[in-house]
Structures are given as structure tokens and as C-alpha cells.
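# Coordinate analysis (summary)
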Amino acid sequence: MTPGAWTSWPSREALSRTDLTSARRSLNWAVRCIALGVLLWSTFTKVGDDAGALVAAVSGLAVCVGATWALFRTSLEHRLWPSVALLAVLLGVAALAEWTGLTAPAAVLWCGCAVTALERLPLAAALPCTAAALGAYALLSDGQRLTIAVTTVGLALVGYVMRLDAEARGSAQRLLVQERAALAAEAESAALAERSRIAREIHDVLAHSLSAQMVHLEAARLLIERDAGRDQILERVVAARGMAREGLVETRQALSALRGEMTPVEEFLEEVAGSSRLAVTGDRRQLPAEASQAVRRVAQEAMTNVRKHAPGAEVRLRLEYLPDEVTLEVRDSGRGEAVDELAVSGSGYGLVGMRERAELLGGTLEAGPDEEGFLVRLRVPA
């Protein structure tokens, strides 16, 4: 036993009666009622019809009840000297009861003080109090010495076992509180992660949609500056309006995907590819939500970049299902009629955001010149 164990109190959870099971609570009240019943029966049968002795007995019982209640409160608050003083009051009442011939109430008080001290006080203070109570019980009891010795040792063991049981219950209570706190923190962390995921999805959708609208509006501005025909300008404005509508649709699709209501990724890529070629290899399967969203967003961003930097170029998309991951390649021929003003429009952070998304999932995103044109390759665990 460590030196600190002699001066440390039982934990507040161990001394508290909160969160007790109904069976344990019923047992505690049963023991208290039995002890109080023994005190009352033995006291009033001994006193008889003597009015003065009856008043003294009732006063003594009131003092015992009040001191016991106060002892439970002070020990719960870890106040040593008030607790020891209250035990001394109870031991004094027991000695007075023994002196007046009330041996049974005195024995109940001796035993109760011994067990309570061991259960609720630091061992350095509990052992002297328990020794004093059990010593007085052993010396003043009229029973056989062997019976008294066995009873004394048994009471000491009962008090210590009750202390260990209370400590175990207090440890379980603390662990339960810690587990609840951990679960609450985990739930809060999951909620924050979900909010971040929703914010990232909405950001990517809006960034893609607004970037595409900027392409068409910038083209409309250039046409206006060159005094182009009304039909050409109107075509660009209508296209920008169409991209705005598509942005709203994609936002709804992203929210549906976050709720688990996603269409197969192959169908989505077919819509994005349009007239471009799409090849799907490997065993098709349902992808996790975040991996599926990453594939969709990278495909959209890559196609937008082709329209901006190499309009009219031939584009090939390839989706490959591997055992532990999925790969998306978007490759353009590079033979398009790029317009410098359109090439610099938009935020310029699309592929950076896609790369960050891939890294968050434990994947990679490669983007750069290829043999003929430009290649975007995404790998994500799935």
C-alpha cells in the first residue's frame, strides 16, 4: 500500500449514494431500518415507564440520528476534523448508554462507528476510530471472549470490504462519466466533420458552376467588345444561364449524395462526358460516398478546364475499379482553339481543391501535360 493511500479519502463517487441500483439502495435502507429498530426496541424495553429515562433516551436517539446524518455529509465533503468530532460524539453517546445499562444500543453504536469509520474516512484516521470503537465493544461486552473476538475481527473486515466495494463503485462511476464524455466528444467531432464535408461539397459545386458561368460571361463580354452579332452574344448569355441552372441541380444532387441518395457514378460520368469517350474497366461496385463525390467533382473540374483551355479538343475519360481503390483519368488531345481571355477566367484553384480532397481521403491527384495534351489522374481508396 502506498503512503498516500493512508491519507487519501475515498472518492466522492464512492461516498455518494447517487446512481445506486434499486437493489443496493433497498439493502442500504433495510440495514438502516434494522439498526434503528434495534436501538428503539432495546432502549424502550430497558427504560420502561420511567419518564426521565424516557426523555433522556429519546434525546440520545435524536443526537445519534443527527450526528450520523452530519457525519455522512462531512465525510462526503472530505472534511476530516468535523467527521472525527462527530464520530467522537457517537462514541460518547455509546459510552453513556453503556454506563446507564443500555448495553444493546451501546453495542449497536460501537459496531456502527467502527464500520462507518473504515468505510468513509482516510485509513490514517479510520483505524484509530475503529480501534477505539471495537476495543470498547470488546472490553465492555458480556459475551464469551471467543465470540467477541470473532465479532470484532468480522466487523473490521466488513468495514474494509465495504470501503473496497465503495471504491470499486466509485471507479465504475468515474469510468462511466468519462465514457459519456468521450461519446459526447466523438459525436461532436463527427458532427463537425459532417459539417466540413457538407461545406466542402457545396463549395466545390458552386466553384465549378460559377467558374463555368464566368467562362460564358467572359466570352459574351469579348463578343460585345468586338461588336459581334446579337445571336452570338445571346448564345453565350443563354449558356451562362444554363450553367446557373445546372449549378442548382448539382447542389441538390450533392445534398442527395450526402444523404446517401446517389446515382451510380458511371451514369454521372456519362452525363459529364457528353460526346466524349468514356471507358469503364474492372468489377463495378458501389463506392463510398466521399470517394464517389471525389470522382464526380474531379471529372467536372477536368471537363471545365478542357472547355476553358482547349475548347473543341478530344477528351477521353477512363474509370477503373481496382481491388482497393478506384482510378479516374481525364485526358485531352490538346488540339483545341484556346482563347487567352477565357483561359485566365475563373478562380484558378479548382485542381488545388481537388488535390486537397483526394489527400483527405488518402488518395492522390496528378495533373499535368501528357504526350499529346493534358492529363488528370485521380486515385482514391474505395
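Calculation criteria
- Residues numbered from 1 in each chain as written.
- Predicted model: local features only at pLDDT ≥ 70, side-chain atom pairs only at ≥ 80, totals over all residues.
- Heavy atoms only, no water.
- Helix = DSSP H or I, 4+ residues; strand = E, 2+ residues; numbered from the N terminus.
- Buried < 20%, exposed > 50% of the residue type's maximum accessible area, 1.4 Å probe, protein only.
- Contact = heavy atoms within 4.5 Å.
- Areas by Shrake-Rupley, 256 points an atom, 1.4 Å probe, with all protein chains shown as cover.
- Core = buried A, V, L, I, M, F, W, Y, C linked by side-chain atoms within 4.5 Å.
- Phe/Tyr/Trp six-rings, centres within 6.5 Å; stacked < 30°, edge-to-face > 60°.
- Lys NZ or Arg CZ within 6 Å of the ring centre and 35° of its normal.
- Pairing = 2+ DSSP bridges.
- Axes fitted to C-alpha atoms, helices over the stretch in contact; angles between N-to-C directions.
- Salt bridge = Lys/Arg side-chain N within 4 Å of Asp/Glu carboxyl O.
- Polar contact = N/O pair within 3.5 Å; in protein donor to acceptor, adjacent residues only side chain to side chain.
- Expected span 1.5 Å × (residues − 1).
- Patch = residues over 30% accessible without salt bridge, like charges linked within 9 Å, V, L, I, M, F, W, Y side chains within 5 Å.
- Parallel < 35°, antiparallel > 145°, perpendicular 65-115°, else oblique.
- Left-handed = near helix turned anticlockwise from the far one by under 90°.
- Nonpolar A, V, L, I, M, F, W, Y, C, P; charged D, E, K, R; others polar.
- pLDDT = per-residue confidence, 0-100.

Glancing now at the overall build of the chain. On a plain count of helices and strands, the chain comes out with 13 helices and 5 strands. Within the span of the chain, comprising 382 residues, buried residues form 38% of the whole. For the chain, the share of sequence-separated contacts (at least 6 apart) that also reach a separation of at least 24 residues comes to 68%. Within the structure as shown, the chain displays about 21,300 Å² of accessible surface, and the carbon and sulfur contribution to it stands at 62%.

Quick look at the nonpolar core now. The biggest cluster of nonpolar side chains holds 32 residues, and the ones touching the most others in it are Leu-87, Leu-90, Trp-110, Cys-113, Ala-117 and Leu-121. Of all the secondary-structure elements, those providing two or more residues to this core are helix 4 (51-76), helix 5 (80-99), helix 6 (103-120), helix 7 (123-140) and helix 8 (145-225). In terms of residue count, the dominant contributor to this core is helix 6 (9 residues). Those residues within four positions of Cys-113 in sequence are excluded, and the remaining contacts are Leu-87, Leu-90, Leu-91 and Ala-133. Residues Val-272, Leu-287, Leu-365 and Val-376 belong to the second largest nonpolar core, which totals 28 residues.

The next subject is the environment of Leu-164. Within the secondary structure, Leu-164 is located in helix 8. On the basis of relative accessible area, Leu-164 is assigned to the partly exposed category, the value being 44%.

This part is about the packing of aromatic side chains. Under the defined criterion, the tally for this structure stands at 0 aromatic pairs. Directly above the ring of Phe-268 sits Arg-296, whose terminal nitrogen or CZ lies 5.2 Å from the centroid.

Overall, mixed pairing links the 5 strands, which are arranged 1-2-3-5-4 in an open sheet. The open sheet has two free edges, formed respectively by strand 1 (277-281) and strand 4 (364-369), since each of these has just one partner strand. Looking at each pair of strands side by side, their axes are set apart by 10 degrees on average, direction ignored. For strand 3 (residues 325-332) and strand 5 (residues 374-381), the ladder comprises 8 bridges, and the chain directions are antiparallel. Paired with Arg-331 across the two strands is Leu-375, which belongs to strand 5. The sheet strands contacting helix 10 (residues 265-273) are strand 1, strand 2 (315-321) and strand 3, and the helix crosses strand 2 at an angle near 175 degrees. In the packing of helix 11 (residues 289-309) onto the sheet, contacts are made with strand 2, strand 3, strand 4 and strand 5, and the angle to strand 5 comes to roughly 175 degrees.

Another point: the pattern of salt bridges. Evaluation of the coordinates by the stated rule reveals 9 salt bridges. The partner of Arg-379 in a salt bridge is Glu-325, with the nearest N and O atoms 2.9 Å apart. One end of the pair, Arg-379, is in strand 5; the other, Glu-325, is in strand 3, with 54 residues separating them in the sequence. Judged by relative accessible area, which is 30%, Arg-379 ranks as partly exposed. The partner of Arg-377 in a salt bridge is Glu-366, and the shortest N-O contact between them spans 3.1 Å.

Summarising the sheet, strand 4 and strand 5 pair through 6 bridges and their orientation is antiparallel. Counterpart to Ala-367 in the pairing with strand 5 is Val-376. Counted between consecutive antiparallel strands, the loop separating strand 4 from strand 5 contains 4 residues.

By secondary structure assignment, the location of Thr-100 is in the loop between helix 5 and helix 6. At 3.0 Å, the side chain of Thr-100 and the backbone oxygen of Ala-97 are in polar contact.

Note: α-helices contain 3.6 residues per turn, so residues at a spacing of three or four share the same orientation. Between its first and last C-alpha, helix 6 extends 26 Å over 18 residues, near the 26 Å set by a 1.5 Å rise per residue. Within helix 6, 13 of the 18 residues are buried, leaving the element largely enclosed by the surrounding structure.

Next up on the list: unusual backbone geometry. For His-78, which is not a glycine, the phi torsion comes out positive at approximately 60 degrees. Following the sequence through the fold, His-78 ends up in the loop between helix 4 and helix 5. For His-78, a relative accessible area of 26% gives the class partly exposed. Here the phi dihedral of Asp-227 falls at roughly 55 degrees; this positive angle occurs in a residue that is not glycine. Within the secondary structure, Asp-227 sits in the loop between helix 8 and helix 9 (230-258). Owing to a relative accessible area of 70%, Asp-227 belongs among the exposed residues under this scheme.

What follows covers a nonpolar patch on the surface. Nonpolar side chains collect at one region of the surface, where Leu-234, Val-237 and Val-238 lie side by side and expose about 220 Å² of accessible area between them. Tracing the backbone through its elements, the reader meets Leu-234 in helix 9.

Two numbers describe how helix 5 lies on helix 6: the axes approach to 8 Å, and their chain directions differ by 160 degrees. On the basis of the axis angle, helix 5 is roughly antiparallel to helix 6. For helix 5 against helix 6, the interelement crossing comes out left-handed. Every residue of helix 6 that contacts helix 5 at Leu-87, Leu-90, Leu-91, Val-93, Ala-94, Ala-95, Ala-97 and Glu-98 is listed here: Thr-103, Ala-106, Leu-109, Trp-110, Cys-113 and Ala-117. In the contact of helix 5 with helix 6, the residues fall into 12 nonpolar, 1 polar and 1 charged.

Averaged over all residues, the pLDDT of the chain is 78; the fraction at 70 or higher stands at 83%. Scored below 50 in pLDDT, residues 338-349 shows 16 contacts in the model against residues more than four places distant or in partner chains.

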